[in-house]
Amino acid sequence: MAATITTKNKKESTSAAVEGGEESAPPANRMSLRLQLRRDKSLIIMTLPAVALLLVFNYAPLFGLITAFEYYDPLVGVVHSDWAGLDQFRQLFDDPLFWAALRNTLWLSFVQLILFFPVPIGLALLLNTVLSERLRNFIQSVVYLPHFFSWVLAITLFQEMLGGAGVLNHFLAQHDLGPWNIMTNPDTFALLVTSQAVWKEAGWGVIVFLAALAAIDQNLYEAAAVDGAGRWRRMWHITLSGMRGVIVLMLVLRLGNALSVGFEQFLIQRNAVGHDTADVLDTFSFYYGIATNNYSYGAAAGLFKSVISLLLIWGANKVAHTFGEDGLYRK
């Protein structure tokens, strides 16, 4: 009798557990952290160099931000330098050269956002229409190549083409036309640096968008073609819709990096067009901070740029969430 009651209770408890659903059951075959590390050991080892570079060049320098609140003297070090509080920032906000550099940075960033950002998307769409794989790989190699050139070489090529003694002015002189030295014209400097960035970096930016295109289900194109959708409708409703998440993500990253329009590119061309046109926040920190041994002043300008960039990327991510996109992270 007791055995019968015990068996009945076991059956009732088993049926109750089944009715309660599988969510109440503990997870089966859960792998311990030690086994996960052992399983992914090779992948972890592969990421160690990247993590080391990130720590050394991105996180370790954060300790130096304290110099923005000091009268930093490299002879006595960070710890023993005199405390300045917010004096460096007061001087920074009273400096007209700083506001001029900020205006140049915002203007150049806006021009590059309008003229440069759509170019990799367009190139990816064009490459996606090339049927020959050999031709597509050749074009990709050609447009990738300038990314590996230094800015010195890139600007030298533009100087040879568009400079005072370049190919363009040589052609104009042969046809009795006036010279047009674009490399020293402050009025066209924004278009010049944007065209240099497009030539050098647009091909490299295509990689992300080609990966987004590869993730789109090809059956959608066949179904749309059967339904009578033309090429433009397929591109609008399938291709661009499938790339939308990646486009929004790259746009958020671009807005967050809006104040970092470049350093070496503007440093090289600063003397040609003048500091009023070519000075941006990065070159301002160098010329009026490091070059004058006023390291705290340069650190204050750099900290201001970092804070504004953080606010920009946070705001852009909030806007992405408003339109239903993930942005940098899911809401």
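Right above here is the structure, for reference.
Residues numbered from 1 in each chain as written. Predicted model: local features only at pLDDT ≥ 70, side-chain atom pairs only at ≥ 80, totals over all residues. Heavy atoms only, no water.

Notes on the overall build of the protein
Counted only if it meets this: Here a helix means four or more residues in a row that DSSP labels H or I, a strand means two or more in a row labelled E, and each is numbered from the N terminus. In this treatment the radius of gyration is a C-alpha quantity, and the globule benchmark scales as 2.2 Å times the residue count to the 0.38 power. With a 1.4 Å probe rolled over the protein chains alone, any residue whose accessible area is under 20% of its type maximum counts as buried; one over 50% counts as exposed, and the rest are partly exposed. By definition in these notes, contact holds between two residues if any of their heavy atoms fall within 4.5 Å. For accessible areas, the Shrake-Rupley method is used with a probe of radius 1.4 Å. Any residue's cover is judged against the shown protein chains and nothing else. Asp and Glu count as negative and Lys and Arg as positive, but His and the ends of the chain are not part of the count. Charged side chains are reduced to one point each, which is NZ for Lys, CZ for Arg, CG for Asp and CD for Glu.
Regarding its fold elements, the protein presents 17 helices and 2 strands. For the protein, whose C-alpha radius of gyration is 29 Å, the value lies well above the compact-globule estimate of 20 Å for 331 residues. Across its three principal directions, the C-alpha atoms of the protein cover 110 × 70 × 40 Å. Evaluated residue by residue, the protein yields a buried proportion of 32% over its 331 residues. Of the contacts formed within the protein by residues at least 6 apart in sequence, a portion of 64% connects residues at least 24 apart. A total of about 21,600 Å² of accessible surface is found on the protein, and carbon and sulfur atoms cover 65% of it. Of the charged side chains in the protein, 23 are positive and 25 negative; the average position of the first set lies 14 Å away from that of the second.

What about unusual backbone geometry?
A positive phi angle, near 60°, is found at N293, a position not held by glycine. Here N293 is to be found in the loop between α16 (281-290) and α17 (295-322). Under the relative-accessibility criterion, N293 is labelled exposed at 54%.

Description of helix α13 (residues 231-256)
Selection rule: A residue's bend is the angle separating two fitted axes: one through the seven residues that end there, the other through the seven that start there.
If you look at α13, its biggest bend is around 50°, right at R244. Three or more residues of α13 are buried, namely I238, T239, M243, I247, V248, V252, R254 and G256. Considering only its buried residues, α13 is in contact with α6 (96-115), α7 (118-129), α11 (189-214), α12 (219-226) and α17.

Concerning the environment of F89
Of note, F89 is situated in helix α5 (residues 87-93). The class for F89 is buried, based on a relative accessible area of 11%. Considered as a pair, F89 and A202 are 113 residues apart in the sequence and their alpha carbons are 36 Å apart. Beyond its immediate stretch of four places on either side in the chain, F89 contacts A68, F69, A300 and L303.

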